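# Chain and residue survey
The chain contents come next:
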Amino acid sequence: MTSRTRRLLAWTAPAALALTALAPALPAQAAKPQPTPTVTAGPVDKDLNGDGVPDLVAVGGPGTGLPSGVWSALGVTSRKTGAGTGQVQTATNIGLRGNGFGGTGSAAEFDGAQVTTGRFAGEAQQDFLAYYPGGQYAGNGSLIKGAGDGTMLDPGSGNQFNVGSDYLIDANGNIPLQLANAFQVDGVDNGIPDLIGISGDAINGYRLGYHASWGAPGAYFGTTLLSNPTPTGGTDWQNWSIASTETASGVAFFLRNAGTGDLYLWTGVTMVDNGDGTGSLNVTQYQVAANWNTGVAIGTLEAADINLDGTPDLWAVLTDGTYRAYLISGLSTSGPATVTATRAQRLV
């Protein structure tokens, strides 16, 4: 039975949950960008409050430069263009009531989590998916519904769904090192996004893994292992991180190797499911930059079309509590793109 058939049966599956986030940054370039907004089809990805521009979400806790919790910062809109400028308003801690797992009910429950946004509950507003690659909740996730204004609903009032590790482990029993929103790149739209991750071990190697949604909040059907090599042709997926977004032209993944500074962009991403637990992604690959924040620790790396020009951009929140936007232009298959960084500012 193929994953497509399984997902048609999704509504009989139990509910659960999952989430993700990541990070980078780089020196600002001279010219200040002048955004040229384009018409987008449908809602803007990462827009938490419905004003038409993306917003930034970062996780706090030890080593992040931010107090414990989930920090939501609404994007600043250009009065001239109506597009995002890359700057955000002062962030607000929206994770003060905890992750809904029934523990302390405090912001510290998000320590060590990766948080990403998406319509994970299948409704109009953006939700929050916290995934834990280690620690007390290792391999598990918590999906908390968004309020539509940049905040979370109370996870203790029926607005939270668990994602158990048994939904996410690979064929060798490994939990993902990270997770990101995969939207519906497999072509099956049941109203809830799929997930993309990286998992593996030193003996069996590391690979991309695709987690198809059953169509119920928090419920994912195992892991389809993908055969794609890294952007540089290797198999060392454990050294890479993913930040995903969706624009009017399709789904895009940024891929970063912190150790080498390699930064790539995959656009037009679609997934081919072989029906036997394996598959592959079809992508158009661009080198965005070389030696990009090499060795720099980034607490959160978020992808979005910040200035609405049709090309995905990045926000990076560093471990000193500052953030920068990196606006991408000039994509070419023959050489690096143009990366324009905004001035570093404190998030909180």
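Please read all numbers here as calculations on a predicted model, not as lab measurements. (Residues numbered from 1 in each chain as written. Predicted model: local features only at pLDDT ≥ 70, side-chain atom pairs only at ≥ 80, totals over all residues. Heavy atoms only, no water.)

### Let's talk about the sheet that holds strand β2 (residues 66-73)
Going by this rule: In this description, strands pair whenever DSSP reports at least two bridges between them. Numbering goes from the N terminus for both helices and strands, where a helix is a DSSP run of H or I of at least four residues and a strand is a run of E of at least two.
What the three strands build is an open sheet, ordered β1-β2-β5; its pairing is antiparallel. For this open sheet the edge positions go to β1 (56-61) and β5 (92-93), each flanked by a neighbour on one side alone. Pairing between β2 and β5: two bridges, direction antiparallel. Along β5, the bridge assignment pairs Trp 71 with Asn 93.

### As for the side chain of Asp 194
What counts, and what does not: Here the term buried applies to any residue with accessible area under 20% of the maximum for its type, exposed to any over 50%, and partly exposed to those in between, with areas from a 1.4 Å probe on protein chains only. Here a polar contact is recorded for every N or O atom pair within 3.5 Å, except that within protein the pair must consist of a potential hydrogen donor and a potential acceptor, and residues adjacent in sequence are included only if both atoms are side-chain atoms.
Tracing the sequence through the fold places Asp 194 in strand β11 (residues 194-201). Since its relative accessible area comes to 0%, Asp 194 is described here as buried. Looking at Asp 194, its side chain comes within polar contact range of the main-chain nitrogen of Ser 213, at 2.7 Å.

### Things to note about the confidence of the model for the protein
Note the following rule: Known as pLDDT, the predictor's per-residue confidence is scaled from 0 to 100. Contacts are assigned to residue pairs with any non-hydrogen atoms lying within 4.5 Å of each other.
When pLDDT is averaged along the protein, the result is 89, and 88% of the positions lie at 70 or above. Across residues 1-41 the pLDDT falls below 50, and counting only partners more than four positions away or on other chains, this stretch makes 148 contacts in the model.

### Describing the packing of aromatic side chains
Our working definition: Between the rings of Phe, Tyr and Trp (Trp by its six-membered ring), a pair exists once the centres lie within 6.5 Å; its type follows the angle of the planes, with under 30 degrees stacked, over 60 edge-to-face, and the other angles tilted.
Under the definition given, this model contains eight aromatic pairs. Ring plane angle 75° and centroid distance 5.1 Å describe the contact between Trp 292 and Tyr 326, whose orientation is recorded as edge-to-face. You can see Trp 292 sitting in the loop between β17 (278-289) and β18 (298-304) and its partner Tyr 326 sitting in strand β20 (residues 322-329), a full 34 residues away along the chain. The class of Trp 292 is buried, set by a relative accessible area of 1%. Exposure remark for Tyr 326: the relative accessible area of 0% places this residue in the buried category.

### Some words on the nonpolar core
The following threshold applies: As used here, the term nonpolar core means buried Ala, Val, Leu, Ile, Met, Phe, Trp, Tyr and Cys residues forming a set that is joined through side-chain atoms within 4.5 Å.
Counting residues in each nonpolar core, the largest one holds 21 residues, and the members touching the most others are Ile 196, Leu 208, Tyr 210, Ile 242, Phe 253, Trp 266 and Leu 281. Per element, the largest residue contribution to this core is four residues, and it comes from strand β16 (residues 262-273). Dropping the residues within four chain positions of it, Ile 196 is found in contact with Gln 178, Leu 179, Ala 180, Asn 181, Ala 182, Gly 209, Tyr 210, Leu 226, Ile 242, Phe 253 and Leu 281. Listed in part, the 19 residues of the second largest apolar core include Phe 254, Leu 301, Val 339 and Ala 341.

### Some points on the sheet that holds strand β7 (residues 127-131)
Counted only if it meets this: Axis lines are fitted to C-alpha atoms, over the contacting stretch for helices. Their N-to-C directions set the angle, which ranges from 0 to 180 degrees.
The sheet built from four strands is open, its strands ordered β6-β7-β8-β9 with antiparallel pairing. Unpaired on one side and paired on the other, β6 (114-118) and β9 (160-163) mark the two borders of the sheet. The sheet shows a mean angle of 20° between the axes of neighbouring strands, direction not considered. Inspection of the sheet shows strand β8 (residues 141-144) paired to β9 by four bridges, in the antiparallel sense. Paired with Leu 143 across the two strands is Phe 161, which belongs to β9.

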